[in-house]
Number of protein chains: 2
Amino acid sequence: MGKKQALSHFLISSLLSPALLLLSCRPLYLPPVSAAAAADRRRIVSSSSLKNSKMRPTATLTASSSLNYGFPIPPSSSTSFTPTPSPTNCYFHPCAKKFSSLRFKPNKRNITRSAVSIEKEIPETERPITFLRESEGADVRARFEKMIRDAQDSVCAAIEAADKGGKFKEDVWSRPGGGGGISRVLQDGAVWEKAGVNVSVVYGVMPPEAYRAAKAAPADQKPGPVLHPKNPFAPTLHFNYRYFETDAPQDVPGAPRQWWFGGGTDLTPAYIFDEDVKHFHSTQKKACDKFDPTFYPRFKKWCDDYFYIKHRGERRGLGGIFFDDLNDYDQEMLLSFATECANSVVPAYIPIIEKRKDTPFTDHHKAWQQLRRGRYVEFNLVYDRGTTFGLKTGGRIESILVSLPLSARWEYDHKPEVGSEEWKLLDACINPKEWI
Amino acid sequence: MGKKQALSHFLISSLLSPALLLLSCRPLYLPPVSAAAAADRRRIVSSSSLKNSKMRPTATLTASSSLNYGFPIPPSSSTSFTPTPSPTNCYFHPCAKKFSSLRFKPNKRNITRSAVSIEKEIPETERPITFLRESEGADVRARFEKMIRDAQDSVCAAIEAADKGGKFKEDVWSRPGGGGGISRVLQDGAVWEKAGVNVSVVYGVMPPEAYRAAKAAPADQKPGPVLHPKNPFAPTLHFNYRYFETDAPQDVPGAPRQWWFGGGTDLTPAYIFDEDVKHFHSTQKKACDKFDPTFYPRFKKWCDDYFYIKHRGERRGLGGIFFDDLNDYDQEMLLSFATECANSVVPAYIPIIEKRKDTPFTDHHKAWQQLRRGRYVEFNLVYDRGTTFGLKTGGRIESILVSLPLSARWEYDHKPEVGSEEWKLLDACINPKEWI
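Cut-offs applied
Residues numbered from 1 in each chain as written. Chains lettered and ligands numbered in written order. Predicted model: local features only at pLDDT ≥ 70, side-chain atom pairs only at ≥ 80, totals over all residues. Heavy atoms only, no water. Helix = DSSP H or I, 4+ residues; strand = E, 2+ residues; numbered from the N terminus. Buried < 20%, exposed > 50% of the residue type's maximum accessible area, 1.4 Å probe, protein only. Contact = heavy atoms within 4.5 Å. Areas by Shrake-Rupley, 256 points an atom, 1.4 Å probe, with all protein chains shown as cover. Salt bridge = Lys/Arg side-chain N within 4 Å of Asp/Glu carboxyl O. Expected span 1.5 Å × (residues − 1). Arc of directions from axis to C-beta. Phe/Tyr/Trp six-rings, centres within 6.5 Å; stacked < 30°, edge-to-face > 60°. Lys NZ or Arg CZ within 6 Å of the ring centre and 35° of its normal. Axes fitted to C-alpha atoms, helices over the stretch in contact; angles between N-to-C directions. Parallel < 35°, antiparallel > 145°, perpendicular 65-115°, else oblique. Left-handed = near helix turned anticlockwise from the far one by under 90°. pLDDT = per-residue confidence, 0-100. Polar contact = N/O pair within 3.5 Å; in protein donor to acceptor, adjacent residues only side chain to side chain. Disulfide = S-S within 2.5 Å. Pairing = 2+ DSSP bridges.

**Points about the overall build of chain A**
The secondary structure content of chain A amounts to eleven helices and 17 strands. Taking all 436 residues of chain A together, 64% fall into the buried category. Across chain A, every contact between residues at least 6 apart in sequence was considered, and the portion connecting residues at least 24 apart equals 81%. Just so you have it, chain A exposes about 14,900 Å², and 52% of that area is on carbon and sulfur atoms.

Okay, here's the thing in structure tokens:
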């Protein structure tokens, strides 16, 4: 793999709660340039709403969950992918220089990736000031990292305060070529069965052919960690905000960076309290409306479409907002929007938890919550592209599967009684409603 | 799809306990014939050890789990597959005449299947004498159906007797074009949390191009039902025996039927009792040795290789036997072998249950069992081709997912203490042992 053909990318994100977030974030096609190639690239990347036609060496920055891919092209139906067998928990190594063993052999409709170099992450004893390889405080990437790490701190603090018992266990890790992450998991607390709030910075390199061939495949797929409460009347929450940036080949100085934002926050209760769901959606709408009145309706529908368990004909929960590939707005505006969304997690969620965490419940309520957790597992293991890609390619298993609930249940042919509270939840998952 | 190009196939099977059984059962390539094509076909199907070169209209008969595919070609890495959206639980309709909407458009490396007709099964109030469309008592298919239905009866009777409380709930169903099944599920019994023992007869039709193009893909994929006991010292059992038969195009009278057998029985304990595992494997070996001394070592290894959870680097359990594509022996001999295996389920398993079902246990033991059940879920949802294919294509969800345990658990970064009983089980799942 010639260096000049390599594209590095770079991502950071932070998430709460399980399940994949990225549906349609696409890799970029940034070949060594000719005018025709540049024009072709513009056409090819148009689905990612990319407007720049020149390229130069850059990197991609995204805030992501604890799952980190150096190489964010998952296998799709038109590709074959043969990773190096990885019986132990490993990460892709994110550094370009180290990837001599990474080979992509794309042809027009089938990409054969003959080998993927997989390296273990390195545990760190303390949090670095930044996981960025190179950064300036004014860079969007640096500001996004700071924002997402601040969000991690504030969300974890709010959860520990509400839990009044459980403490997050923190794992800090890095990779030799740059990047790293902070995974925090609170397990078996007073309020939450399992809560994960992670931040990561991921670097990766791939040849432009792979970007081109994989343009229809999602890019920086990650499942999110979890906030699964114990009380069946207290809902599960998931969020993930990320920033993605690519570099063009190093011998094309002056080419602009490609970048985009993605993210979302969604709520998964086992029982519906109208006021809770309205409060949650209103908070999302309020954050959206500060930037664009079209955001909430558009991202609300995107969320309903995304968290769809096709084989059940149900959504995983009651939605929220979800967006991806966002770059057709001012970059500063989108950074502010992502910041607003991340900062809305606590006010959207914690008041609901405070209200429901001590509600008395029976075994019947708990069993229904566990059945809905089973749906969560189904979504994450069957549809979550981050999870399925991570499992296939040797990502760090504990980080990938932290999104699964502590416990889940499957009953044969369970059907809630028509008109019951369980039936109402199921109905709202089958037929998404407008909550506000 | 011209009728003359259609191949019908036909399968029946019976299973206990979860997870996919078929690893490498391959569809046949049976084109409208020319001498060259026949020779080519022989080469192509050699991986299925098929020896016949002529073809005529037939059907395929397999005994399978409760999951039934009329069209047993799952998507593989080199195919794309776009089923009709199916928000409700549906079956493929298995009748050739009804499949005008089924279209396969294969090219050499990519098959596009533009639509798949999906129809609901029809619930029946009583069990028919046979699910076969046409049969003679002396046919292998008819004798296999009788054998597998007898096995269902005897296994269910043994389970109810050992459970001393739980009773199987039975669902009988048929399909308009022929075929059907009997699903039996015992849930929340005294001994078993969830037990499913199902029989089905499946008919399907597909054009020869699809067989050819999909030859590397598994054919009659099905997850098996479950026998998940409550006591953490009592193991889960899974078995599935099936017979598969194909017809050549109807305008080529006199062509021989293609057929093969597949199956296996495997044990998944949470704790190892050497004597139990030895008893289980000895029973499998005894059944195998009656027919061929190479069977047990070969099928034991096949089983270890098959039930591999790649992302964990672990097997699901402690194995047993697994085979597929078996047709390079005398057909009568293989029918006797499958019968012997099916009849060995009760003596291999029930004595272990009787010994362990009342063993005192703690929350610690139960939590470990639940973690291992989590692995069962991971295998079935991530690797079980029957499950993943069924979920993607609209199979009957409750039948597909009956293999999932009643409950399962995921703890972040759980590691059993080295040398503990939990560690010993994990070690044996990572490093398969010779038990006898």
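**Regarding the pattern of salt bridges**
This structure, assessed with the given rule, holds 64 salt bridges over all chains. Two residues, D153(A) and R184(A), come together in a salt bridge whose shortest N-O distance is 3.0 Å. In this pair, D153(A) is assigned in helix α2 (residues 140–163) and R184(A) in strand β9 (residues 180–187), connecting sequence segments 31 residues apart. Note that K366(B) is salt-bridged to E193(B), the shortest N-O span being 3.2 Å. Taken together, the residues K366(B) in helix α8 (residues 363–383) and E193(B) in strand β10 (residues 192–206) connect sequence positions 173 residues apart. Under the relative-accessibility criterion, E193(B) is labelled buried at 6%.

**Notes on helix α4 (residues 274–289) of chain A**
Residue and element names in this part refer to chain A. Under the 1.5 Å per step criterion, the end-to-end length of α4 is 22 Å for 16 residues, consistent within 8% with the ideal 22 Å. Listing the buried residues of α4 in full gives D276, V277, F280, H281, T283, Q284, A287 and C288. Down the axis of α4, the sector holding all buried residues measures 145 degrees, keeping them to one side. Of the surrounding elements, those touching the buried residues of α4 are β12 (236–246), β13 (258–268), α5 (295–306), β16 (320–326), α6 (331–343) and α7 (345–356).

**Focus: the packing of aromatic side chains**
Residues and elements named next belong to chain A. Under the criterion given, the structure shown has 50 aromatic pairs over all chains. Ring centres of Y306 and F307 lie 4.8 Å apart, and the angle between their planes is 80 degrees; this geometry places the pair in the edge-to-face category. Among the residues examined, Y306 registers a relative accessible area of 6% and is labelled buried. Across from the ring centre of F273, 3.8 Å away, lies the NZ or CZ of R356, which sits over that ring.

**A short note on the packing of helix α8 (residues 363–383) of chain A against α8(B)**
α8(B) packs onto α8(A) with a crossing angle of 45 degrees between their chain directions and a minimal axis gap of 9 Å. Classed by the angle they form, the pair α8(A) and α8(B) counts as oblique. Here the hand of the crossing between α8(A) and α8(B) comes out right-handed. Two secondary-structure elements touch here, α8(A) through V377(A), E378(A), L381(A) and V382(A) and α8(B) through V377(B), E378(B), L381(B) and V382(B).

**Quick notes on the confidence of the model for chain A**
Residue and element names in this part refer to chain A. Residues of chain A with pLDDT of at least 70 account for 64%, and the chain-wide mean is 72. Segment residues 1–8: pLDDT under 50, and 36 contacts once partners within four positions in sequence are set aside and those in other chains are kept. Confidence drops under a pLDDT of 50 for residues 14–118, and excluding neighbours within four residues, the segment shows 475 contacts in the predicted structure. Two numbers describe this predicted complex: its pTM, 0.74, and its ipTM, 0.73.

**Some points on the packing of helix α6 (residues 331–343) of chain B against helix α7 (residues 345–356) of chain B**
Packed helix pairs are specified by the crossing angle of their axes together with the interaxial distance, meaning the distance between the axes. All names here are of chain B. One can describe the packing of α6 onto α7 by two numbers: an axis separation of 4 Å at closest approach and a directional angle of 15 degrees. By the angle between their directions, the pair α6 and α7 is classed as roughly parallel. Taking contact as the criterion, the partners of C341, A342 and N343 in α6 are, on α7, V345, V346 and P347.

**Some remarks on the side chain of R184(A)**
Using a relative accessible area of 8% as the deciding quantity, one classes R184(A) as buried. One polar contact links R184(A) to E170(A), side chain to side chain, over a distance of 2.8 Å.

**Looking at helix α11 (residues 421–430) of chain B**
Every buried residue of α11(B) is listed here: E422(B), L425(B), L426(B), A428(B) and C429(B). An end-on view of α11(B) places all buried positions within 160 degrees of arc, on one side of the element.

**Here's the deal with the state of the cysteines**
Residues and elements named next belong to chain B. In the structure shown here, the tally under the stated rule is zero disulfides over all chains. Unpaired in terms of disulfides, C288 finds its nearest cysteine sulfur in C341, a separation of 5.4 Å. Judged by its relative accessible area of 0%, C288 falls in the buried class. With no disulfide of its own, C303 has C288 as its nearest cysteine by sulfur position, at a separation of 11 Å. The class of C303 is buried, set by a relative accessible area of 1%.

**A look at the environment of F239(B)**
If you trace the backbone, F239(B) turns up in strand β12 (residues 236–246). Taking C-alpha positions, F239(B) is 21 Å from L391(B), a pair spaced 152 residues apart along the chain.

**Here we look at the environment of R127(A)**
All names here are of chain A. Within the fold, R127 resides in the loop between β7 (122–124) and α2. Ignoring anything within four residues of it in the chain, the contact list for R127 reads R149, E170, V172, I182 and R184. In terms of polar contacts, R127 uses its side chain to reach the side chain of E170, at 2.8 Å.

**Description of unusual backbone geometry**
Here the phi dihedral of K164(A) falls at roughly 50 degrees; this positive angle occurs in a residue that is not glycine. When you line up the elements, K164(A) lands in the loop between α2 and β8 (169–174).

**Regarding the pairing of β8(A)**
Residue and element names in this part refer to chain A. Judged from the three bridges that link them, β7 and β8 form a sheet pairing that is antiparallel. Bridging across to β8, E124 finds its partner in V172. Hairpin connection from β8 to β9: five residues lie between these consecutive antiparallel strands, with G178 at a positive phi of about 115 degrees.

**Observations regarding the pairing of strand β8 (residues 169–174) of chain B**
Two elements, β8(B) and strand β9 (residues 180–187) of chain B, share six bridges in a ladder whose sense is antiparallel. Directly across from E170(B), in β9(B), lies its bridge partner R184(B).

**Points about the environment of H364(B)**
Residues and elements named next belong to chain B. Counting through the fold element by element, H364 comes out in helix α8. A sequence separation of 132 residues divides H364 from P232, and the C-alpha atoms of the two residues are 9.8 Å apart. The contact partners of H364, leaving out residues within four places of it in the chain, are Y271 and E422.

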